[in-house]
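So you can see what is in the structure, the chains are spelled out below.
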Amino acid sequence: MGRVAFVTGGTRGIGGAVSRALKEAGYNVAANYAGNDDAAKAFKKDTKIPVFKWDVGDYQACEQGVIAVENEVGPIDILVNNAGISRDAMLQKMSHEQWSQVIRTNLDSVFNMTRPVINGMRERGFGRVISISSINGQKGQLGLTNYCAAKSGVIGFTRALALESARKGITVNAIAPGYVATDLLSGVSEDVMKAIVGQIPVGRLGEAEEVARCVVFLASDAASWITGSTLTINGGQHMD
Ligand code: NDP
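Before going further, it helps to examine the nonpolar core. Membership of the largest hydrophobic core comes to 25 residues, with the highest contact counts inside it found for V18, L22, I175 and V215. Elements supplying a minimum of two residues to this core: β1 (4-7), α1 (13-24), β2 (28-33), β4 (78-81), β5 (127-132) and α8 (208-219). Counting residues per element, this core draws most heavily on α8, at seven residues. Once you skip the residues sitting within four places of it in the chain, L22 turns out to touch A5, V7, Y27, V29, V80, V215, V216 and A219.

Spelled out as structure tokens, the structure:
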């Protein structure tokens, strides 16, 4: 097929599963990561997918990173904005650093990565921008004002850019997963995790591969009339 797909935070967790699934579907895949060199090295060895290290919260690093990826792999046709972090605290205890780290990594990153690729997609008349939001960007969650603000922001960005891109062969969509078993949840206590699973009608956490299959679908030609949407995948926990 020859299309190039680039996945931020694409070396482990949901992003790792997305990178693998896109490769399996025939795309030419490259993945970004922030600092976990061991995980990136193991991922590269296992998948043969090239990896690129930079902070997606840093605009200049993204501009330079995109140039490096496009020189090595080719123009980016499918951008998956997946990288994300959480820094949970009730607002009355939240530091400015916790707020800004999450906004920077989860929301600024979506601008930082999409801006350097959008003109190429417009010129070529094809593109897919798929951003990972969250159930908590749809419904809100205590202790997560920073994360909920960022993930709601991703949905607003998606809708606006979908309108701007609709006549250019570019679709722009978000995916809002519920709770998925990855390292992101490693700080959640056993009791809280039990309570979370109790709120999921399907009765279990999601798997990264289940989210990855949504990305593969939205990236495909079969999804060419879907744009500006948020695909909810959460085991029935929240219906939006
Ligand atoms: P993980 O913590 O398992 O993996 C995060 C990935 O993002 C890693 O590859 C990490 O790189 C990368 N990353 C983090 N910060 C940066 C940065 N500044 N620059 C570049 N890469 C970065 O997270 P998940 O797989 O669980 O989450 C993936 C996405 O899905 C996130 O956006 C998250 O908010 C969202 N999500 C997750 C849910 C869940 O329940 N797990 C539910 C809903 C949404 P490195 O390996 O170098 O650290």
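So, on to the site of the ligand. Neighbouring the ligand are 31 residues, the closest being R12, G35, N82, Y147 and T182. Interatomic distance of 3.5 Å between a side-chain N/O atom of N32 and a nitrogen atom of the ligand. Here A34 contributes a backbone N or O atom positioned 2.9 Å from an oxygen atom of the ligand. Summarising the interface, the protein chains cover 93% of the accessible area of the ligand, which totals 900 Å² for the free molecule. Looking at the shell around the ligand, the elements that each hand over two or more residues are α1, β2 and α6 (145-165). Its residues assigned to classes, the shell around the ligand comprises 14 nonpolar, 13 polar and four charged.

Cut-off values and rules
- Residues numbered from 1 in each chain as written.
- Predicted model: local features only at pLDDT ≥ 70, side-chain atom pairs only at ≥ 80, totals over all residues.
- Heavy atoms only, no water.
- Core = buried A, V, L, I, M, F, W, Y, C linked by side-chain atoms within 4.5 Å.
- Buried < 20%, exposed > 50% of the residue type's maximum accessible area, 1.4 Å probe, protein only.
- Helix = DSSP H or I, 4+ residues; strand = E, 2+ residues; numbered from the N terminus.
- Contact = heavy atoms within 4.5 Å.
- Near = heavy atom within 4 Å.
- Polar contact = N/O pair within 3.5 Å; in protein donor to acceptor, adjacent residues only side chain to side chain.
- Areas by Shrake-Rupley, 256 points an atom, 1.4 Å probe, with all protein chains shown as cover.
- Nonpolar A, V, L, I, M, F, W, Y, C, P; charged D, E, K, R; others polar.

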